[in-house]
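This is what each chain is made of:
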Amino acid sequence: MVSKPRLALGMLVLAALAAGLLALLISLDVGAFWAKTLPLVFLAGGAAFAQSLGLFNKAPKD
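Q: Looking at this structure, I do not really get helix α1 (residues 4-27). What am I missing?
A: Since the α-helix advances by 3.6 residues per turn, residues separated by three or four positions end up pointing in the same direction. With 24 residues, α1 should reach 34 Å at 1.5 Å per residue; the first-to-last C-alpha distance of 34 Å fits that figure. Of the residues making up α1, those classed as buried are G10, L14, A18 and L25. Where α1 is buried, its residues contact α2 (32-53).

Q: Looking at this structure, I do not really get the UniProt feature "transmembrane region" (unreviewed entry) in the protein. What am I missing?
A: If you check UniProt for "transmembrane region" (unreviewed entry), the listed places come out as residues 33-56 in our numbering. The span residues 33-56 is 88% helical and 0% strand by assignment, and the distance between its end C-alpha atoms comes to 31 Å.

Q: What exactly am I supposed to notice about a nonpolar patch on the surface here?
A: The grouping of L24, L28, V30, F33, W34 and L38 at the surface amounts to a nonpolar patch, some 580 Å² of accessible area in total. Structurally, the position occupied by V30 is in the loop between α1 and α2. Taking relative accessible area as the criterion, V30 reaches 34% and is therefore assigned partly exposed.

Q: Explanation requested: α2 in the structure shown.
A: For α2, built from 22 residues, the straight-helix expectation of 32 Å at 1.5 Å per residue is met to within 8% by its first-to-last C-alpha distance of 32 Å. Taken residue by residue, α2 has A35, P39, G46, A47 and A50 as its buried positions. Angularly, the buried residues of α2 cover 95° about the axis, an arc narrow enough to put them on a single face. The exposed residues of α2 that point more than 90 degrees off its buried face are A32, F33, K36, L40, V41, A44, F49 and S52. Looking one or two residues past α2, G54 carries a phi angle of roughly 85°, positive in sign.

Q: Is there a simple way to think about the packing of aromatic side chains in this case?
A: Any two aromatic rings considered together are summarised by their centre-to-centre distance and by the angle between their planes. Overall, the coordinates contain one aromatic pair when judged by the stated rule. Ring geometry for F33 and W34: centres 5.1 Å apart, planes at 75°, overall edge-to-face. Judged by its relative accessible area of 46%, W34 is partly exposed.

Quick notes on the rules
Residues numbered from 1 in each chain as written. Predicted model: local features only at pLDDT ≥ 70, side-chain atom pairs only at ≥ 80, totals over all residues. Heavy atoms only, no water. Helix = DSSP H or I, 4+ residues; strand = E, 2+ residues; numbered from the N terminus. Expected span 1.5 Å × (residues − 1). Buried < 20%, exposed > 50% of the residue type's maximum accessible area, 1.4 Å probe, protein only. Contact = heavy atoms within 4.5 Å. UniProt positions renumbered as here; feature names shortened; annotations may be inferred. Patch = residues over 30% accessible without salt bridge, like charges linked within 9 Å, V, L, I, M, F, W, Y side chains within 5 Å. Areas by Shrake-Rupley, 256 points an atom, 1.4 Å probe, with all protein chains shown as cover. Salt bridge = Lys/Arg side-chain N within 4 Å of Asp/Glu carboxyl O. Arc of directions from axis to C-beta. Phe/Tyr/Trp six-rings, centres within 6.5 Å; stacked < 30°, edge-to-face > 60°.

Set out below in structure tokens:
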């Protein structure tokens, strides 16, 4: 089962990091394609990685 608070906090952290990445990409004057694509890839990849580690799962109750 997925823990909603953990999921919300994890996605908030990933969104903040993606916003920082977007700001960095804009300051480096990269193309529009990369400025649109890389933060989305970072969000999706980070969420998939966190899910595979089990960070969003609830602890089982005994």
